[in-house]
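Listed below, chain by chain, are the residues.
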Amino acid sequence: MTHPSTNPRVLIVTPEVTGLPSGMGNLSNYLSVKAGGIADVSAGLIRSLFEQGADVHVAIPDYRKIFRQKLPSIMKREFDAIRNGLPQGRIHLAKDRGFFHLDSVSYGNGTKNTKIALNFQREVINSIVPRVQPDLIHCNDWMTGLIPAMTRQVGIPCLFTIHNIYTEKCPLSDIEDIGIDAASFWQNLFYERYPSKYEESRDSNPVDFLASGVFGAHFVNTVSPTFLKEMIEGRHNWVNIHLQRELYNKWESGCAVGILNAPDPSFNPLTDKALFRKFSAKNHYLAKQYNKLFLQEKLGLIMDSRAPIFFWPSRLDTIQKGCRLLAEILCDVVCSYRDQNLEVVFVADGEFKKHFNDIVMSHQINNRVAVCDFEESLSRMAYGASDFVLMPSLFEPCGLPQMIGPLYGTLPVVYDTGGLHDTVIPMDVDGHNGNGFLFKNYDTNGLFWAIKEAMRFYNLPKEIKNRQIERVMMQSTVEFNHHITAQHYIDLYEKMLRRPLINRQNTNSLGRSKNSGKKTYDAPNTSHSETDSIISDDSDAQNIIRLSKRKLESFSY
């Protein structure tokens, strides 16, 4: 499908998205639904592409009840009538009663969410793709994992982005019963065991959604270079061996890359309405003290503008985010810096929250530790008031808090893995370099060591510390933004399409020189080979990270 007189048309298929540009269609600002970071990342990419003039369209489920909740009351009565204008815009709603009456979205409930994913993909395959006639399709995560198999059958280049490694499985019979003609592309799907023939596989050989997305797509990307490297090299024993092998095959074929996400542009301390006192890099010191006192009073903590605050912004789960590490040393950390009134603030939900609450109550440290339900405005206030972000994740496909924190002068304390490795550089005051504190041994001693390093920095003379924080804030604004991320995706789209994505004759192009800060993890040189009819050109040397390289270049100043 080509549009010779216009820019190539890109259809981004995502199960969730937030904050779409108003020019994309009626009510676009209210068509917002979020279960995780994929919503913000998808919206940021779509917004950047749209603002640069790309012919970008988006397909999302029609979560009618959720969308209505975000509307002003005066508009709810007219909502259905206004919605009828959407097909003429760039937002395409997949319609099914399975979406209409949901109160929220959460993709971890087996059978129910598998059916939602099948309904979504049926509408994309049967209705939206024929209507949009895209030149390229960009799919996101397991809920879109069947679509790449279809695109290969009809000859549309497809990019598949892995935001997380969760997946679901079901047999071909369930896929076909929902209304997807999988028989026409069944050989492009990935099965639990090797399929010998269609009839044998239809009822008793489950299809893996995430692995199918990797297997069927022409090109695959993860949301950080190092996480791709870790999966290819088999560093995580909990990553499905089939997924690891398919990613390795894509990488060997020159069709896999890691592209870092970026925070939403609304994370800006100069304009963030959630802050008690807004600030910039130049005047951060006094403003953060005011914000700190405001947050302490709001949460019932000891009010001390000199007290260091460590902020936990991530989901309180039992495996990934490192809750167990902090739980084991929380009291020791608080007691070790009792004379400075060190405080810890949690603004997050998850099953581990009860355990932290129990620790706080049993040790009577509620004036030093606050465990709060997640609330967007409170989380933003914590970024603006805190000194450090705690993020000791066991693994991290990308992560956003470690990028958001430095924008607010709040430095990350992280485990050296995945996207954390790619975005956090060890603080080097003498070298005027770095933006956080990393530990390499995943245990309580490692985390405590990193916290002590953060406190050693905190106790430096005010002039030295403030100069470093000012530098970090300024560099983070340049490094962590959607324009750079979007440019990497544009480069990838153009490689797949073998033509420019945007006619830049009347637009401002983002030159590659502006991308030197964010790296991608590309496959070996395949400039003389052709894979799946997609030419893999030589990559710009500055955007390549080889397996033998240890670390991204440090920030310069």
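Before any of the text, the structure's been laid out above.
This text gives an overview of the structure that appears in the document. The structure displayed is predicted, hence computed values, not measured ones. (Residues numbered from 1 in each chain as written. Predicted model: local features only at pLDDT ≥ 70, side-chain atom pairs only at ≥ 80, totals over all residues. Heavy atoms only, no water.)

### A closer look at the pattern of salt bridges
If the charged atoms of two oppositely charged side chains come close together, the side chains can form a pair. On inspection of all chains with the given rule, the structure shows 24 salt bridges. Here R122 makes a salt bridge to E123, at a shortest N to O gap of 2.8 Å. In this structure E123 comes out as buried when scored by relative accessible area, which is 16%. For D304, the salt bridge identified is with R306, shortest N-O distance 3.8 Å. Connected through salt bridges with shared partners, the residues E176, D177, R202 and D203 form a single ionic network. (Salt bridge = Lys/Arg side-chain N within 4 Å of Asp/Glu carboxyl O. Buried < 20%, exposed > 50% of the residue type's maximum accessible area, 1.4 Å probe, protein only.)

### Regarding the side chain of S212
Within the element layout of this structure, S212 appears in helix α10 (residues 209–216). Here S212 falls in the buried class, since its relative accessible area comes to 0%. The contacts of S212, once residues within four sequence positions are left out, are G145, N188, L189, F190, V207 and A217. (Helix = DSSP H or I, 4+ residues; strand = E, 2+ residues; numbered from the N terminus. Contact = heavy atoms within 4.5 Å.)

### Examining a nonpolar patch on the surface
A contiguous nonpolar patch, built from F276, Y285, L286, Y290 and F294 and spanning about 450 Å² of accessible area, is present on the exposed surface. Its relative accessible area of 35% is what places Y290 among the partly exposed residues. (Patch = residues over 30% accessible without salt bridge, like charges linked within 9 Å, V, L, I, M, F, W, Y side chains within 5 Å. Areas by Shrake-Rupley, 256 points an atom, 1.4 Å probe, with all protein chains shown as cover.)

### Remarks on the packing of aromatic side chains
What the rule picks out here adds up to 22 aromatic pairs. With a centroid separation of 4.4 Å and 35° between ring planes, the pair formed by F346 and F356 is classed as tilted. Taken together, the residues span a long stretch of sequence, with F346 in strand β11 (residues 343–347) and F356 in helix α15 (residues 353–363) at a distance of ten residues. Using a relative accessible area of 0% as the deciding quantity, one classes F346 as buried. A relative accessible area of 0% places F356 in the buried class. Look at F388 and F437: their rings are 6.0 Å apart centre to centre, the planes differ by 70°, and that puts the pair in the edge-to-face class. Placement of the pair is F388 in strand β13 (residues 388–391) and F437 in strand β15 (residues 437–439), with a sequence separation of 49 residues. Residues F388 and F437 agree in their burial class; the two are buried. Among the aromatic residues, those joined into a ring-pair cluster are F310, F388, F437, F457 and Y458. The lysine or arginine in question, R380, covers the ring of F267, its NZ or CZ lying 4.0 Å from the ring centre. Stacked on the ring of Y458, the Lys or Arg K465 has its end atom at 3.9 Å from the ring centre. (Phe/Tyr/Trp six-rings, centres within 6.5 Å; stacked < 30°, edge-to-face > 60°. Lys NZ or Arg CZ within 6 Å of the ring centre and 35° of its normal.)

### Describing the packing of helix α13 (residues 284–299) against helix α16 (residues 376–385)
Put simply, α13 and α16 touch, their axes get as near as 8 Å, and they point 135° apart. Between α13 and α16, the interaxial angle falls into the category oblique. By crossing handedness, the relation of α13 to α16 is classed as left-handed. Residue-level contacts link K288, N291, K292, F294, L295, K298 and L299 of α13 to L378, M381, A382, Y383, G384 and A385 of α16. (Axes fitted to C-alpha atoms, helices over the stretch in contact; angles between N-to-C directions. Parallel < 35°, antiparallel > 145°, perpendicular 65-115°, else oblique. Left-handed = near helix turned anticlockwise from the far one by under 90°.)

### Quick look at unusual backbone geometry
Of note in this structure, N341 is not a glycine but carries a positive phi near 60°. Position of N341 relative to the elements: it lies in the loop between α14 (323–336) and β11. Residue N341 is classed as buried on the basis of its relative accessible area of 18%.

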